[in-house]
Amino acid sequence: MALAHPQLDSDGQLRHFLDLDGLSREMLTTILDTAEGFAPLGARKVQTVPLLRGRTVANLFFENSTRTRTAFELAAKRLSADVLNIDLVSSSTAKGESLLDTLRVLESLQCDMFIVRHAQSGAARFIARHVAPDITVVNGGDGQHAHPTQGMLDMFTIRRHKGNFESLVVVLIGDIRHSRVARSDLAALRTLGAGEVRVVGPRTLVPAEVESLGARLVPRLDDALVGADVIMGLRLQRERMQGAKVPSSGEFFRHYGLSAERLSLAKPDAIVMHPGPTNRGVEIAADVADSPQSVILEQVTAGLAVRMAVMSMVLGARSGAPL
Ligand code: CP
């Protein structure tokens, strides 16, 4: 018997949203198009639509978050869902209750969707395998494995600025090894047919597998930036590093920091991206993060429309035009 797809139902529709790897170009494009339909809502006087009225979304964040947790909460509210933000520090998991027992409690409260962030790679998929059949799981970032809504909001931002993926030179800089964002971005860029993806960073922080993900490893940042259309900085994920793999923040910035001088090597209309949180003076200079070429805050805004799109799709609420 064929194994069930981890995130699609038997009709090929999204059942869970765990990883961009394994989703088709058509599916990713549908998410981007659906998000485009939701994006104008933010400028309206009434910002809500009734698509998820009567549904309950539980935010289960076992790891810190500012952007992802708040964007999921706001996106769920804009879809008229009820939202539970489970405070895991003060919840009974702190008294030793297991993850599965916590899930059973939330199932008993008739939640429809769990948004999960967890330090362990594979946690969202584990939870998706163990929830009741009528509950859907969305990955809000699991370990160094995947951050699929971040990947999609990055693609949304790129498409809005550049119109297509085929002609683009995209550069990812820094700690690729520990970055779930990098993995999701690389998967999406490959599926959407990005022209050329370059990866640059310290040898200890760039795994050889990037080449199997369709990227080209470039040793020097200055070389990687020449002719770039899209530049993505990444934070040093020190919380996931075993031992010191980078000598110091100052040395990292000297070799891999995105300064204004280095940015001038890229195309004049290149956009500067970063998933946040940014460490100014480490992976990106403050004047670059605040420059007109920076779209870092646009990425945050895009996260609302993209998460509305994903939540409405996984709960099967697509009913044509969302507005
Ligand atoms: N990009 C991102 O995941 O940010 P948060 O950790 O603030 O959610």
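Residues numbered from 1 in each chain as written. Predicted model: local features only at pLDDT ≥ 70, side-chain atom pairs only at ≥ 80, totals over all residues. Heavy atoms only, no water.

## Notes on the domain arrangement of the protein
Reports often express the size of an interface as the amount of accessible area lost when the parts come together.
Alright, step 1. Entries for the protein in the domain assignment read domain 1 (25–146 + 301–314) and domain 2 (148–296).
Alright, step 2. Here the C-alpha centre of domain 2 lies 26 Å away from the C-alpha centre of domain 1.
Alright, step 3. The interface is formed by 28 residues belonging to domain 1 together with 26 residues belonging to domain 2.
Alright, step 4. For the pair domain 1 and domain 2, the two sides together bury roughly 2200 Å², of which 59% comes from carbon and sulfur. (Domains from an automatic or database assignment. Contact = heavy atoms within 4.5 Å. Buried area = accessible area lost by both parts, 1.4 Å probe.)

## Here's the deal with the pattern of salt bridges
Two side chains bearing opposite charge may form a pair once their charged atoms approach each other closely.
Alright, step 1. Applying the stated criterion across every chain, the model contains 20 salt bridges.
Alright, step 2. With its nearest N and O atoms 3.1 Å apart, the salt bridge here joins glutamate 73 to arginine 69. Here arginine 69 and glutamate 73 lie together in helix 2 (residues 67–78), a separation of four residues that amounts to about one turn.
Alright, step 3. Arginine 240 serves as the salt-bridge partner of glutamate 239, at 3.8 Å between the closest nitrogen and oxygen. (Salt bridge = Lys/Arg side-chain N within 4 Å of Asp/Glu carboxyl O. Helix = DSSP H or I, 4+ residues; strand = E, 2+ residues; numbered from the N terminus.)

## Topic: empty space enclosed by the protein
Alright, step 1. Taken as a whole, this structure holds one cavity of 30 Å³ or more when the rule is applied.
Alright, step 2. Considered as a void within the structure, the largest cavity measures approximately 60 Å³ in volume.
Alright, step 3. Lining the largest cavity are Arg67, Thr68, Ala71, Gln150, Leu153, His274, Pro275, Ile296, Gln299, Val300 and Arg307.
Alright, step 4. Elements supplying a minimum of two residues to the lining of the largest cavity: helix 2, helix 5 (148–162) and helix 11 (296–314).
Alright, step 5. When its residues are assigned to classes, the lining of the largest cavity shows five nonpolar, four polar and two charged.
Alright, step 6. Split by domain, the lining of the largest cavity shows at least three residues from each of two domains, domain 1 (25–146 + 301–314) and domain 2 (148–296). (1 Å grid on protein atoms, 1.4 Å probe; cavity = no way out; pocket = protein on both sides within 12 Å on 5 of 7 lines; lining within 4 Å. Points joined across faces, edges and corners; volume = space filled by probe spheres on them. Nonpolar A, V, L, I, M, F, W, Y, C, P; charged D, E, K, R; others polar.)

## Observations regarding the environment of leucine 103
Alright, step 1. With respect to the helices, strands and loops of the structure, leucine 103 is situated in helix 3 (residues 99–108).
Alright, step 2. In this structure the C-alpha to C-alpha distance between leucine 103 and valine 131, which are 28 residues apart in sequence, comes to 7.3 Å.
Alright, step 3. If we skip the residues at most four places from it in the chain, leucine 103 touches Leu60, Phe114, Ile127 and Val131.

## Quick look at the packing of aromatic side chains
Remark: the centre distance and the inter-plane angle together describe each pair of aromatic rings, the angle taken between the planes.
Alright, step 1. Throughout the structure, instances matching the rule amount to one aromatic pair.
Alright, step 2. Here the aromatic rings of phenylalanine 252 and tyrosine 256 are separated by 5.6 Å at their centres, their planes lie at 40 degrees, and the arrangement is tilted. In this pair, phenylalanine 252 and tyrosine 256 both sit in helix 8 (residues 249–256), four residues apart, roughly one turn of the helix. Judged on exposure class, the residue phenylalanine 252 and its partner tyrosine 256 are both buried. (Phe/Tyr/Trp six-rings, centres within 6.5 Å; stacked < 30°, edge-to-face > 60°. Buried < 20%, exposed > 50% of the residue type's maximum accessible area, 1.4 Å probe, protein only.)

## As for the site of the ligand
Alright, step 1. The full set of residues close to the ligand is Ser65, Thr66, Arg67, Thr68, Arg117, His147, Gln150, Pro275 and Gly276.
Alright, step 2. For the ligand, a nitrogen atom lies 3.3 Å from a polar atom in the backbone of glycine 276.
Alright, step 3. For the ligand, the cavity whose grid points lie within 2 Å of the majority of its atoms is the largest pocket.
Alright, step 4. Partitioned by chemical class, the residues of the shell around the ligand number one nonpolar, six polar and two charged. (Near = heavy atom within 4 Å. Polar contact = N/O pair within 3.5 Å; in protein donor to acceptor, adjacent residues only side chain to side chain. Sits in = over half its atoms within 2 Å of the grid points.)

## Here we look at the pairing of strand 5 (residues 169–173)
Alright, step 1. Counting buried positions along strand 5 gives five out of five residues, so the element sits mostly inside the fold.
Alright, step 2. Here strand 5 shows two buried faces, one formed by Val169, Val171 and Ile173 and the other by Val170 and Leu172.
Alright, step 3. Across five bridges, the pairing between strand 5 and strand 6 (residues 196–200) is parallel. Residue pairing across strands places leucine 172 opposite valine 199, the latter belonging to strand 6.
Alright, step 4. Of the crossover connections in this fold, the one passing from strand 5 over helix 6 (residues 180–192) to the parallel strand 6 is right-handed.
Alright, step 5. Across four bridges, the pairing between strand 5 and strand 8 (residues 230–233) is parallel. Directly across from leucine 172, in strand 8, lies its bridge partner methionine 232. (Pairing = 2+ DSSP bridges. Right-handed = clockwise from strand over helix to strand, strands pointing away.)

## Some details on helix 3
Alright, step 1. What helix 3 keeps buried is the set Thr102, Leu103, Leu106 and Glu107. The buried side chains of helix 3 occupy one side of the element, clustering within an arc of 140 degrees when seen end-on.
Alright, step 2. Those residues of helix 3 that are buried are in contact with strand 1 (56–61), strand 2 (82–86), strand 3 (113–118) and helix 4 (123–130).
Alright, step 3. Immediately downstream of helix 3, the backbone of glutamine 110 shows phi near 60 degrees, a positive value. (Arc of directions from axis to C-beta.)

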